[in-house]
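# What the coordinates show
Residues per chain are reported as follows:
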Amino acid sequence: MKGVLFNIQRFSLHDGPGIRTNVFFKGCPLRCVWCHNPEGFERAPELEYNAVKCIGCGRCAAACPEGCHTVADGTHILNREKCVRCFGCVDACVAGALLRAGAEYTVDDVMAKVELDRPFYENSGGGITLSGGEPFFQPEFALALLEESKKRGLHTAVETCGLCPEDVIRRAAPLVDLFLYDYKITGEEEHKKFTGAGQEIILKNLRTVNGLGRQIVLRCPVIPGINDNERHYSAVAALADELDNVVRVDVEPYHDLGRAKYAKFDREPKFASDVMSKDEKEAVRSRIQEKTRKRVIIS
Ligand code: SF4
Ligand code: SF4
Ligand code: SF4
C-alpha cells in the first residue's frame, strides 16, 4: 500500500508533545479560504512552479512531451491544461524552478525516516504526527501508519479537520494518543461558505472521539472578519467544557505565510487580511479563556 505525501518534516515542535516527525498527507476534503497549505488540496502529485527561480533556459520545453512550456525572449510560460504529470520537466530544470509536489511512500518508507529521530522522541516525549491536507482523506494509509507506529511504541498524534466517515474515526481512535482536532467556524452555513462543507459530520466525529476516551486538543483558527466574534468564542468554550477529553484549546491566529504558495500552483488565494498583533491575539485568547475551564493557549 502507498500513500501520497507532500512532506515529512523532522524536529517539529508544534504538533503534539515533544520533538516530532510530521507527516504531511496530500489531499483534503475542505477548501478553507485562509488555508496556508494549498499544495495539500489535491491528492495526486502536482507540478509546482516557482517563477522567481526560473532563468529562462528552455530545457523544460525540450523535455515536455505535451508542449506545456514555452520560452520567448527569456520568459517562460507554463500551460498546465495539457500536463499529464509525467514530471520530466522537473528533472530537466536545473534551476529548481520546477518541482514535484507530492510523492508516493510505503509505510516502510515513512517509518525509515521516522525512526531516524527515535532518541529525540524518547528524550522529549515526542513521536509521529499525521498532518496535511487531511490524513483521513487517505484513510487506509493513515490507519496503516498509525498501526505500525503503535507497534513500534511511538506516541501518535493526528491533525484532522474531522471530515471523514465515522467508521474511519472509530478504527483510528485506539491507535491515536492525541487528536489535534480543528474547530473552525460556528454555524452550518458559515462553515459551508468558508470551508466548502458543513460542520455536522465534523462535530459528530468529534463527539465520537470524545466518547471513545481519546485525548483531544481543539485547534481553533482565528480568521479576521470570518470567525473573530463572541458567538464563535462562546461556542468554542462551550464545546471545550462539554467534552471531557478536550485537554486544551489552541488559538491559531491567521498568518499569511502560505499566500505566496498559491501562485506556484496557479491557484488564486481566496482570502487576505492583516495579521493580528500580539495584543489582538492575547485578547482573543483571554476572551475564550474567560468562558471555559479548559486551558487556552496561543499556538
Ligand atoms: S509534468 Fe510532464 S506533461 Fe507536465 S509540464 Fe512537465 S513534462 Fe510536461
Ligand atoms: S527549465 Fe526551469 S529554469 Fe529553465 S525555463 Fe524551464 S522552468 Fe525556467
Ligand atoms: S482543512 Fe486544513 S488543509 Fe484542508 S483546506 Fe482547511 S486549512 Fe487547508
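These numbers were taken from a predicted model, which means no experiment stands behind them.

Turning to the overall build of the chain, a few remarks are in order. In terms of regular secondary structure, the chain is built from 11 helices and 13 strands. Taking the principal axes of its C-alpha atoms as reference, the chain extends roughly 65 × 45 × 35 Å. Put simply, the chain has 299 residues, and 39% of those count as buried.

Interface size is commonly expressed as the accessible surface area that is lost when the partners come together. Domains assigned within the chain are domain 1 (2-43 + 103-298) and domain 2 (46-101). For domain 1 versus domain 2, the separation of C-alpha centres amounts to 33 Å. The residue makeup of the side of domain 1 that touches domain 2, split by class, is 3 nonpolar, no polar and 4 charged.

The topology assignment puts Gly162 in the loop between β9 (155-160) and α6 (166-172). Residue Gly162 is classed as buried on the basis of its C-beta count, with 23 C-beta atoms lying within 10 Å. Sequence separation between Gly162 and Asn205 is 43 residues, and the spatial gap between their C-alpha atoms is 6.4 Å. For Gly162, the residues in contact, after removing those within four places along its chain, are Tyr181, Asp182, Ile202, Asn205 and Leu206.

If you check the shell around ligand 2, you find 15 residues, and the closest are Cys54, Cys57, Cys60, Cys93 and Ala95. Of all elements in the fold, only α1 (59-63) and β4 (69-72) reach the threshold of two or more residues within the shell around ligand 2. Residues belonging to the shell around ligand 2 are distributed by class as follows: 10 nonpolar, 4 polar and 1 charged.

With mixed pairing, the 9 strands of this open sheet are ordered in space as β7-β1-β2-β8-β9-β10-β11-β12-β13. Because the sheet does not close on itself, it has two edges, and the strands there are β7 (103-106) and β13 (295-298). Each adjacent strand pair in this sheet contributes to an overall mean axis angle of 30 degrees, direction not counted. For strand β12 (residues 246-253) and β13, the ladder comprises 4 bridges, and the chain directions are parallel. Following the sheet pairing, Val249 is matched in β13 by Val296.

Across the interface, helix α3 (residues 107-115) lies against helix α5 (residues 139-151) with an axial gap of 10 Å and an inter-helix angle of 45 degrees. Put simply, α3 runs oblique to α5. Our pair here, α3 against α5, has a crossing hand that is right-handed. Where α3 abuts α5, its residues Val107, Val110 and Met111 lie against Ala144, Leu145 and Glu148. When the residues that make up the contact of α3 with α5 are grouped by side-chain class, the tally is 5 nonpolar, no polar and 1 charged.

Taken together, Leu47, Ala63, Cys64, Glu66, Cys68, Cys83, Val84, Arg85, Cys86, Phe87, Gly88 and Cys89 make up the full set of residues near ligand 1. Of the residues assigned to the shell around ligand 1, the class counts are 9 nonpolar, 1 polar and 2 charged.

Apart from glycine, the bulk of residues carry a negative phi angle, and the bulk of peptide bonds sit in the trans form. A cis amide bond, omega 20 degrees, links Gly132 with the succeeding residue Gly133. Along the chain, Gly133 turns up in the loop between β8 (127-131) and α5. Not every positive phi belongs to a glycine, and Phe11 is a case in point at roughly 60 degrees. Looking at the element boundaries, Phe11 is found in strand β1 (residues 2-12).

Glancing now at the nonpolar core. Residues Leu218 and Val236 are the most contacted members of the largest nonpolar core, which totals 64 residues. Ignoring sequence-local partners within four residues, the contact set of Val236 consists of Tyr183, Leu218, Cys220, Val249 and Ile288. Judged by nonpolar contacts, the second largest core, of 8 residues, contains Cys60, Cys64, Cys89 and Cys93.

Here is what the cut-offs are and how they apply
Residues numbered from 1 in each chain as written. Chains lettered and ligands numbered in written order. Predicted model: local features only at pLDDT ≥ 70, side-chain atom pairs only at ≥ 80, totals over all residues. Helix = DSSP H or I, 4+ residues; strand = E, 2+ residues; numbered from the N terminus. Buried ≥ 20, exposed ≤ 12 C-beta atoms within 10 Å, placed from the backbone. Domains from an automatic or database assignment. Nonpolar A, V, L, I, M, F, W, Y, C, P; charged D, E, K, R; others polar. Contact = placed C-beta atoms within 7 Å. Near = placed C-beta within 6 Å. Pairing = 2+ DSSP bridges. Axes fitted to C-alpha atoms, helices over the stretch in contact; angles between N-to-C directions. Parallel < 35°, antiparallel > 145°, perpendicular 65-115°, else oblique. Left-handed = near helix turned anticlockwise from the far one by under 90°. Core = buried A, V, L, I, M, F, W, Y, C linked by C-beta atoms within 7 Å.

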